[in-house]
Amino acid sequence: MMNSTRNLLNIKLFSQEFNDPAKPVLDLEEGKLIAQMYARMENCISVLSDLKKRKSYIYYGAIAAQLGLEKTDPEVDSIWEDNLLQLINPEDMEKKIRLELQFFQLLNAISPEERTYFEAVTRLRLVRANGNIVSLRHRLIYISSTAEGSISLALCLYHRIFDHPDLGCPDALIINSQNGTVIDLNREKFGDILSEREKEILQMIGYGLKSREISKKLAISINTVNRHRQNIFQKLNATNAIEACRIAEATGLLK
């Protein structure tokens, strides 16, 4: 499940258009300075990912030594910091990637100017070489978009959660820092993005029913069915029925 969700997220991220010649909100060098600042000031591990070039730049704060991590090549040809992610508990990784897919879907429904108000926060368990488990707080922020609306730079921050009752972390949340809105992965079920009728039709699409069959089953016109299909694809940022069903499965949309 985790690999299929990660592959789907890759498809969504990499299918964006990056042909706009206009300068993005933040360019790569500005993004690097921000990532370095976080690592230095907050002693965290900071990862800046360039979605256009499919590269990441990793900056190690003091937390790296605490976790027993070696400071590997600061530039990797991937948007995934696998040297670190391979140490994360598999259940937590599945939760993290599922939240990030929902996060990407949400941000595609709002303006580029609003995106920097949002961040995805996940509690992770890292398994050290000696078998000890360390708790981390992971934050994902998309810090730059192109003028045409494609998300171009992602910033991931890994902070250690120390063993103190006042230093906890939510399990998996999307937070709007501008107005305080919180979207809880475990409670608010991303499913609100679709109407009940749209969920019903998407479920039937997943069962392999064609528009004409859905029309008869629901006693509505085929034009209405097709209109619902287009609304579903638009809301899920999907290009076809197969992709829409995969997104629904990966995000728990129909549960």
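1. Observations concerning empty space enclosed by the protein
Next up, step 1: Taken as a whole, this structure holds 2 cavities of 30 Å³ or more when the rule is applied.
Next up, step 2: If you add up the space inside the largest cavity, you get close to 140 Å³.
Next up, step 3: In terms of lining, the largest cavity is formed by 13 residues, of which the most central are Ile 79, Glu 100, Leu 140, Ala 154 and Cys 156.
Next up, step 4: Broken down by secondary-structure element, the contributors of at least two residues to the lining of the largest cavity are helix 1 (2-14), helix 5 (90-107), strand 5 (133-145) and strand 6 (151-160).
Next up, step 5: Here the residues of the lining of the largest cavity are counted per class, giving 9 nonpolar, 1 polar and 3 charged.
Next up, step 6: A volume near 50 Å³ is recorded for the second largest cavity.

2. Focus: the packing of aromatic side chains
Working definition: an aromatic ring pair is given by the centre-to-centre distance plus the angle between the planes.
Next up, step 1: In this structure the tally under the stated criterion is 1 aromatic pair.
Next up, step 2: Stacked on the ring of Tyr 57, the Lys or Arg Lys 32 has its end atom at 4.3 Å from the ring centre.
Next up, step 3: Looking at Arg 54, its charged tip hangs above the ring of Phe 14, at a distance of 3.9 Å from the centre.

3. Considering the layout of surface pockets
Next up, step 1: Each pocket or cavity is described by its volume, and for the second largest pocket that value is around 200 Å³.
Next up, step 2: Lining the second largest pocket are 13 residues, and of these Lys 12, Ser 15, Gln 16, Asn 108 and Asn 237 sit closest to its centre.
Next up, step 3: Split into classes, the residues belonging to the lining of the second largest pocket amount to 2 nonpolar, 7 polar and 4 charged.

4. Quick look at unusual backbone geometry
Next up, step 1: Phi angles above zero are rare outside glycine, and Asn 43 is one such case at about 55°.
Next up, step 2: Relative to the helices and strands, Asn 43 resides in the loop between helix 2 (28-42) and strand 1 (45-50).
Next up, step 3: Its relative accessible area of 41% is what places Asn 43 among the partly exposed residues.
Next up, step 4: With a phi angle near 60°, Arg 54 is a residue other than glycine that sits in the positive phi range.
Next up, step 5: Tracing the backbone shows Arg 54 in the loop between strand 1 and strand 2 (55-60).
Next up, step 6: By relative accessible area, which is 41% here, Arg 54 ends up partly exposed.

5. Considerations on the pairing of strand 1
Next up, step 1: Most of strand 1 is tucked away, with 6 of its 6 residues classed as buried.
Next up, step 2: As consecutive antiparallel partners, strand 1 and strand 2 are separated by 4 residues, and within that stretch Arg 54 has a phi angle of approximately 60°, a positive value.

6. Some details on the nonpolar core
Nonpolar side chains tend to gather and get buried jointly when the protein is soluble and globular.
Next up, step 1: Core analysis: the biggest nonpolar cluster contains 59 residues, and Ile 45, Leu 136, Tyr 142, Tyr 158 and Leu 236 have the highest contact counts within it.
Next up, step 2: It is helix 5 that provides the largest number of residues to this core, a total of 7 residues.
Next up, step 3: Core analysis: the next-biggest nonpolar cluster, separate from the first, contains 13 residues, Leu 28, Ala 35, Ala 39 and Leu 157 among them.

7. Digging into helix 7 (residues 196-206)
For an α-helix the count is 3.6 residues per turn, leaving residues at separations of three or four pointing the same way.
Next up, step 1: Among the residues of helix 7, those classed as buried are Glu 198, Lys 199, Ile 201, Leu 202, Met 204 and Ile 205.
Next up, step 2: Looking one or two residues past helix 7, Gly 208 carries a phi angle of roughly 95°, positive in sign.

8. What to know about the environment of Gln 203
Next up, step 1: You can see Gln 203 is positioned in helix 7.
Next up, step 2: On the accessibility criterion, Gln 203 (30% relative accessible area) is partly exposed.

9. As for the confidence of the model for the chain
Next up, step 1: Here the chain averages 86 in pLDDT, and 92% of its residues register 70 or above.
Next up, step 2: Confidence, read as mean pLDDT per element, is least for strand 8 (residues 182-184) in the chain (77) and greatest for strand 1 (96).

10. Some thoughts on the packing of helix 7 against helix 8 (residues 211-218)
Next up, step 1: Between helix 7 and helix 8, whose axes approach to 10 Å, the crossing angle comes to 130°. Overall, the two elements helix 7 and helix 8 adopt an arrangement that is oblique. For helix 7 against helix 8, the interelement crossing comes out right-handed. Packed against helix 7, whose contacting residues are Arg 197, Glu 200, Ile 201, Met 204 and Ile 205, the element helix 8 presents Ile 214, Lys 217 and Leu 218 at the interface.
Next up, step 2: The residue inventory of the contact of helix 7 with helix 8, partitioned by class, reads 5 nonpolar, no polar and 3 charged.

Definitions and cut-offs
- Residues numbered from 1 in each chain as written.
- Predicted model: local features only at pLDDT ≥ 70, side-chain atom pairs only at ≥ 80, totals over all residues.
- Heavy atoms only, no water.
- 1 Å grid on protein atoms, 1.4 Å probe; cavity = no way out; pocket = protein on both sides within 12 Å on 5 of 7 lines; lining within 4 Å.
- Points joined across faces, edges and corners; volume = space filled by probe spheres on them.
- Helix = DSSP H or I, 4+ residues; strand = E, 2+ residues; numbered from the N terminus.
- Nonpolar A, V, L, I, M, F, W, Y, C, P; charged D, E, K, R; others polar.
- Phe/Tyr/Trp six-rings, centres within 6.5 Å; stacked < 30°, edge-to-face > 60°.
- Lys NZ or Arg CZ within 6 Å of the ring centre and 35° of its normal.
- Buried < 20%, exposed > 50% of the residue type's maximum accessible area, 1.4 Å probe, protein only.
- Pairing = 2+ DSSP bridges.
- Core = buried A, V, L, I, M, F, W, Y, C linked by side-chain atoms within 4.5 Å.
- pLDDT = per-residue confidence, 0-100.
- Axes fitted to C-alpha atoms, helices over the stretch in contact; angles between N-to-C directions.
- Parallel < 35°, antiparallel > 145°, perpendicular 65-115°, else oblique.
- Left-handed = near helix turned anticlockwise from the far one by under 90°.
- Contact = heavy atoms within 4.5 Å.

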